Amino acid sequence: MTEQRPNPEILLQRAVQEERYGKRGRLKIYLGAAPGVGKTYAMLKEAQQERANGLDVVIGIIESHGRLEIESLLNNFDLLPKQKITYRNINLSEFDIDAALKRHPGLILMDEMAHTNAPGTRHTKRWRDIKELLDRGINVNTTLNIQHIESLKDDVSQIIQAPIYETVPDSMLDMADTIELIDIPPEDLIKRLHEGKVYFPAQSEIAAEHFFRKGNLIALRELALRFTAKFVGTQVFLYRQDKNIKHIWPTNEKILVCVGPKPDSLKLIRTARRIATSLQADWIAVYVDTPQIQSSEIDRNNAINHLHLADQLGAEIRVLTGFDIAKELINFATEQNITQIMIWKHSKNRWRDLFSKNIVDEIVKTSGEIDVYIISSEKNEVISKKPPGLKNTTSWKAYGISLAIVSVATFINYTLYPFLNSSSLIMVYLLGVTVISLLGKTGPAILGSILSVILYDLFFVPPFYKFSISNIEYVVTLAVMLLVTRVISHLTILTRRQMELAQSSEHQTSALYNLSRQLANTRGVDKLLDIGVKYVSKIFESQVTALLPENNHLVIHGKNNPEELLNDKESSVAQWVYDLGQMAGLGTDTLPLSNALYVPLQGLQRVLGVLRIRPTHIERLLAPDQMRLLEACSNHIALALEVDRIHEQTKKIELQEEIDRVRNSLLQTVSHDLRTPLVAVMESARELIEVKGQLDQSKAINYGKAIYFEADQLNRLISNLLQIAYLETDSVKLDKKSSSLKELINHVIEMSTKKLEGRIIHTNIPENLPMIPIDVTLIEDVFTNLIDNAIKFAPLESSKEIYVVVEVENNKVTIRVEDQGPGIVNDEVNKLFEKFYRGRMLTTEKGLGLGLAICQKIIKAHGGDIWADNRNEGGAVFQFTLPLSDPSM
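Residues numbered from 1 in each chain as written. Predicted model: local features only at pLDDT ≥ 70, side-chain atom pairs only at ≥ 80, totals over all residues. Heavy atoms only, no water.

Chemist: Would you explain the overall build of the chain in this entry?
Modeler: Assigned secondary structure in the chain consists of 27 helices and 25 strands. Taking all 889 residues of the chain together, 42% fall into the buried category. For the chain, the proportion of contacts with a sequence separation of at least 24, taken over those separated by at least 6, is 69%. Carbon and sulfur atoms make up 54% of the accessible area of the chain, which amounts to about 48,600 Å² in all. (Helix = DSSP H or I, 4+ residues; strand = E, 2+ residues; numbered from the N terminus. Buried < 20%, exposed > 50% of the residue type's maximum accessible area, 1.4 Å probe, protein only. Contact = heavy atoms within 4.5 Å. Areas by Shrake-Rupley, 256 points an atom, 1.4 Å probe, with all protein chains shown as cover.)

Right, dumping it as structure tokens:
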């Protein structure tokens, strides 16, 4: 059987992921080593087949660059209209994401994933457009060159000796369901370049001398092949995990190194590093932590120190727990698709194998399809060093307690001996040995077992007070007693060790979970560092200080008293740690004479700061398991700081994008709306000048009205700019008076007669509408803006009627202004009242996008609310409320 029943936990995990991403579209990336390998052509040919199968396939954006074969394929698809953008007096065409969302095809084709969009579009990068399409459930096929992958940017730049400006984050490639490598030999690609199938002839000559050199193409091809192989390797791993496949698939070499506490492991690690480098293979260093009697704290810490060396040499390190070392290693190797296992074996007499299990032999027996490489030695001549700060695991105090407990058990038995038979007294000794074993020390437990047997024979087995036995039954009794006490002590210590390992693992997991949870719910560098410093101080019983870079040197974060100032020596240690990103100071091999330990806060790209730790108990902090926990905590803090930094950068980028959008929109609309009335005024004035006295009175009046109307439009434009600036200050004062809303509405309608161009405004106002306290001028502006908005968004040929409805309820007045236009796009409902935002359904005139923002601020100042919605009959409705009374009047 090659496939077995899948692991339920893995299935559950995968089900959760599939549910999370179930509504997301599928992403396929056509990857190439360089332009011209045929990515776009391959994408179009496959899409042509999908379209033939009935799928709705559209072209989002693809540039043919003059290639005839691409242009012929494009004729077979529907092309989405492009968004026209004017930037620096240049007309540009970009992908229209709103048109794509409205069409919502089954598959959309997007060329050049790393493309930078023109300013004024929704997203700065095309990959962000693709991400939004995926999030909205649309499948996307796209193309990408290897030089545009963020993690490979520096490598490619070094190869081609030129900077890379456009990149796609690796997280987008992680979202890909499929990555297909489009590959051709460098010679064929250079030939295509000279034939003009990649660039135009003038560009081809330049490209051939720089980017398209054969050496560059070979190196880029290797990068593309390796990246694709890594992606496929991940898919193989997930498939084997899903199907619970046990046998090895040797798709690529992967080495597992068995690390132990003895110094020979260091040689084994170095050997594995050399082999992994020569094979260009991944390698994992593994230590199995078992609760065996022979496994001491010193051995465990030595093994963890050896893992640190493997980590420094580039290995992935793992710590496993279990009783059977060979079984745990084989299970892990099978799960990770390991092809080679490397282990050290010490030569020893074969008779010793009769009394202890040989781990190497067990691994060889159960390895199956995995190759096992054994490195052996005659003797281990190097004595394992005890890690700094650790004392002997068994103290004389434990032996004293063992003697005391056996003495107490003997005294109790001596008291009970007249009343009980001698065999019953054995139970008291067994109880004493069990209590001794709870200390968790092997030596005191063995001593307690032997003493119990000796004292039982001396005091309670005839002849008394002599080490001789008159009855052979007592020989069996004493032998069984010795065996039982040893078994009890062994099992008790084993259980205690297992419990200690579980508690240690739980402690570390709980500590990291609590720290992660607190950091995840916090934003801001100061708050994150405060949480991190306090938590590390509590966990490690230390004085912790955070140091952050400022003006090219490190300063103490949150310094409250002068005692925290660092001297020159300590400052230099901290600076060294910050510059190199390595731990130094107390208990390390670098600058060990420092009175504190300095730990770097290592971010994804650089060191973000340094933690200075002065422990209360040095020995406890320097234990390898504690150092591992400290590194994990510092990494969590650094990750939180990195996420916060990226979040702040994203906010700044979004703010800058919004500023650019608003500025461009403002410049475009102001230039248009200022020019239009000025041109009309100038034209009317020119006519008046040219004809002079030849005009009759009626024509002169018409020219005068035109000039006045256009000047009034210009005045309203400037007034809106001044008014929004005034309303955003804290000095807004309302001139409220009890006024008739009906008269105000009728006045606004009368003033808007020319703008209506044949449209009809229907009003529905209660006859008994009471006077309400309002600032007449400002509320008049509200009605004017809402009616202007209804005119702009409702084309004359399809909607000639506008409705103004007033209702009184619950001590407030609700006013509705309704039109019969195209309505409001759902995602615009909450944006319409933002400054400089203009709806996408605008049909005729353009404005600054300030009218509704002004309305909102005026209504809010009056204590009312304003909102927008779509009518059931079609069109939009804007509603606002005003209170019927004002206590301040």
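Chemist: Looking at this model, I keep getting lost on the packing of aromatic side chains. Mind explaining?
Modeler: The description of an aromatic ring pair uses the distance of the two centres, along with the angle that the planes make with each other. This model, assessed by the stated rule, comprises 2 aromatic pairs. Ring geometry for Phe-783 against Phe-880: centres 5.5 Å apart, planes inclined by 70°, an arrangement best described as edge-to-face. Residue Phe-783 is found in helix H26 (residues 776-792), and its partner Phe-880 is found in strand E25 (residues 876-883); the two are separated by 97 residues along the sequence. On the accessibility criterion, Phe-783 (1% relative accessible area) is buried. (Phe/Tyr/Trp six-rings, centres within 6.5 Å; stacked < 30°, edge-to-face > 60°.)

Chemist: It is not clear to me how helix H27 (residues 851-861) should be interpreted in this structure. Could you clarify?
Modeler: In an α-helix there are 3.6 residues to a turn, and that puts residues three or four apart on one side. Among all positions of H27, only Leu-852, Ala-853, Ile-854, Cys-855, Ile-858 and Ile-859 are buried. Where H27 ends, the next residue or the one after it, Gly-863, has phi of about 85°, a positive value.

Chemist: Would you take a moment to explain the packing of helix H24 (residues 741-751) against H26 for this structure?
Modeler: The geometry of a pair of packed helices is captured by two quantities: the angle between their axes and the separation between those axes. Orientation of H24 relative to H26, taken along the N-to-C sense of each, is 50°, at an axis distance of 10 Å. Taken as axis vectors, H24 and H26 run oblique relative to one another. Judged by the twist between their axes, the crossing of H24 over H26 is right-handed. Residues Leu-741, Leu-744, Ile-745, His-747, Val-748 and Ile-749 of H24 pack against Val-776, Ile-779, Glu-780, Phe-783, Thr-784 and Ile-787 of H26. A per-class count over the contact of H24 with H26 returns 9 nonpolar, 2 polar and 1 charged. (Axes fitted to C-alpha atoms, helices over the stretch in contact; angles between N-to-C directions. Parallel < 35°, antiparallel > 145°, perpendicular 65-115°, else oblique. Left-handed = near helix turned anticlockwise from the far one by under 90°. Nonpolar A, V, L, I, M, F, W, Y, C, P; charged D, E, K, R; others polar.)

Chemist: Just to check I follow, could you spell out the nonpolar core for this structure?
Modeler: Side chains that are nonpolar tend, in soluble globular proteins, to be buried together. Ranked by internal contacts, the top residues of the largest apolar core, which has 64 residues, are Ile-108 and Leu-133. Not counting residues up to four positions away in its chain, the partners in contact with Ile-108 are Val-58, Gly-60, Leu-80, Phe-95, Ala-100, Leu-133, Ile-138, Asn-139, Val-140 and Asn-141. In this structure, Ile-749, Ile-761, Ala-790 and Ala-876 belong to the second largest nonpolar core, which totals 41 residues. (Core = buried A, V, L, I, M, F, W, Y, C linked by side-chain atoms within 4.5 Å.)

Chemist: Any chance you could explain the side chain of Ser-594 here in plain terms?
Modeler: Tracing the sequence through the fold places Ser-594 in the loop between strand E16 (584-585) and strand E17 (597-602). A polar contact of 3.0 Å, which involves the side chain of Ser-594, links it to the side chain of Glu-570. Engagement of the side chain of Ser-594 in a polar contact is seen with the backbone oxygen of Ala-596, the distance being 3.3 Å. Excluding residues within four positions of it along the chain, Ser-594 makes contact with Lys-569, Glu-570, Val-573, Gly-585 and Leu-586. (Polar contact = N/O pair within 3.5 Å; in protein donor to acceptor, adjacent residues only side chain to side chain.)

Chemist: Would you take a moment to explain the packing of helix H15 (residues 396-416) against helix H17 (residues 442-460) for this structure?
Modeler: Taken N-terminus to C-terminus, the directions of H15 and H17 make an angle of 25°; their axes are 9 Å apart at the nearest point. In terms of orientation, H15 lies roughly parallel with respect to H17. Read as a crossing pair, H15 and H17 show a hand that is right-handed. Listed contacts from H17 to Ala-398, Tyr-399, Ser-402, Leu-403, Val-406, Thr-410, Asn-413 and Tyr-414 of H15 are Gly-443, Pro-444, Leu-447, Gly-448, Leu-451, Ser-452, Leu-455, Phe-459 and Phe-460.

Chemist: Sorry if this is basic, but what is going on with the pairing of E25 here?
Modeler: For a regular strand, the rule is simple: side chains alternate between the two faces of the sheet. Summarising burial for E25: 7 of the 8 residues are buried, a large majority. In terms of strand pairing, strand E23 (residues 812-818) meets E25 through 7 bridges, oriented antiparallel. Note that in E25 the partner of Lys-812 across the bridge is Pro-883. As paired strands, strand E24 (residues 866-870) and E25 are joined by 5 bridges and run antiparallel to one another. Within the sheet, the bridge partner assigned to Trp-867 lies in E25 and is Gln-879. The turn joining E24 and E25, which pair antiparallel and follow one another in sequence, is formed by 5 residues; a positive phi near 105° is taken by Gly-874. (Pairing = 2+ DSSP bridges.)

Chemist: Sorry if this is basic, but what is going on with helix H16 (residues 422-437) here?
Modeler: Across its 16 residues, H16 extends 24 Å between first and last C-alpha, which sits within 8% of the 22 Å expected from 1.5 Å per residue. For H16, the set of buried residues is Ser-422, Leu-425, Ile-426, Val-428, Tyr-429, Leu-430, Gly-432, Val-433, Ile-436 and Ser-437. (Expected span 1.5 Å × (residues − 1).)

Chemist: Could you clarify how one ought to interpret the confidence of the model for the chain in this entry?
Modeler: Detailed reading of the predicted coordinates is not advisable wherever pLDDT falls low. For the chain, mean pLDDT is 78; residues scoring 70 or higher make up 77% of the total. Note on residues 1-6: pLDDT is under 50 here. Beyond four places in sequence and across chains, it has 14 contacts. This model gives residues 379-394 a pLDDT under 50, and the stretch forms 28 contacts once residues within four places in sequence are excluded. (pLDDT = per-residue confidence, 0-100.)

Chemist: It is not clear to me how a nonpolar patch on the surface should be interpreted in this structure. Could you clarify?
Modeler: A cluster of nonpolar side chains, contributed by Val-408, Phe-411, Ile-412, Leu-416, Phe-419 and Leu-420, occupies part of the molecular surface with about 590 Å² of accessible area. Position of Val-408 relative to the elements: it lies in helix H15. On the basis of relative accessibility, which here comes to 47%, the residue Val-408 falls in the partly exposed class. (Patch = residues over 30% accessible without salt bridge, like charges linked within 9 Å, V, L, I, M, F, W, Y side chains within 5 Å. Salt bridge = Lys/Arg side-chain N within 4 Å of Asp/Glu carboxyl O.)

Chemist: Hey, could you run me through the sheet that holds strand E15 (residues 553-556) in this one?
Modeler: Sheet strands line up and pair through hydrogen bonds in the backbone, either parallel or antiparallel. Taken together, the 5 strands give an open sheet; going across it, the order is E15-E14-E18-E17-E16, and neighbouring strands pair in antiparallel fashion. The two strands at the open ends of the sheet, each matched to only one other strand, are E15 and E16. Bridge count between strand E14 (residues 542-550) and E15: 4 bridges; the pairing is antiparallel. Its bridge partner being in E15, Leu-548 is matched across the sheet by Val-555. The strands touched by helix H19 (residues 525-540) within the sheet are E14, E17 and strand E18 (607-615), with E14 carrying the most contacts at an inclination of about 150°.

Chemist: Please explain the sheet that holds E24 as it appears in this structure.
Modeler: The mixed open sheet is built from 5 strands, whose spatial order is E20-E22-E23-E25-E24. Of all the strands in the sheet, the pair left with one neighbour each is strand E20 (760-764) and E24. On average, each strand axis in the sheet is inclined to that of its neighbour by 20°, with strand direction left out of account. The pairing of E20 with strand E22 (residues 801-809) spans 5 bridges and is classified as parallel. By the bridge assignment for E22, Thr-763 is matched with Val-804. Contacting E20, E22, E23 and E25, H26 runs over the sheet at an angle of about 170° to E25.

Chemist: How do you make sense of the pattern of salt bridges when you look at a structure like this?
Modeler: Oppositely charged side chains can form a pair if their charged atoms are brought close together. By the definition in use, this model includes 23 salt bridges. Between Glu-570 and Arg-612 there is a salt bridge, with its nearest N and O atoms 4.0 Å apart. Taken together, the residues Glu-570 in helix H20 (residues 568-580) and Arg-612 in strand E18 connect sequence positions 42 residues apart. For the pair Glu-570 and Arg-612, a shared accessibility class is recorded, and that class is buried. Lys-860 is the partner of Asp-865 in a salt bridge, and the nearest nitrogen-oxygen pair spans 3.2 Å. Three or more residues are tied together by salt bridges with common partners; here these are Glu-807, Arg-816, Glu-818, Arg-871 and Glu-873.

Chemist: Would you take a moment to explain the environment of Val-817 for this structure?
Modeler: Counting through the fold element by element, Val-817 comes out in strand E23. Residue class for Val-817 comes out buried when judged on its relative accessible area of 2%. Linking Val-817 and Val-804, residues 13 residues apart in sequence, is a C-alpha distance of 4.7 Å. Apart from residues lying up to four places away in sequence, Val-817 is in contact with Leu-786, Ile-802, Tyr-803, Ala-876, Val-877 and Phe-878.

Chemist: Would you explain unusual backbone geometry in this entry?
Modeler: Excluding glycine, most residues fall at negative phi; most peptide bonds, likewise, are trans. Here Asn-337, not a glycine, exhibits a phi torsion of approximately 60°, which is positive. If you trace the backbone, Asn-337 turns up in the loop between helix H13 (325-335) and strand E12 (340-346). Within the chain, Asn-810 stands out as a residue other than glycine whose phi angle is a positive 50°. Secondary-structure assignment places Asn-810 in the loop between E22 and E23. Exposure remark for Asn-810: the relative accessible area of 68% places this residue in the exposed category.

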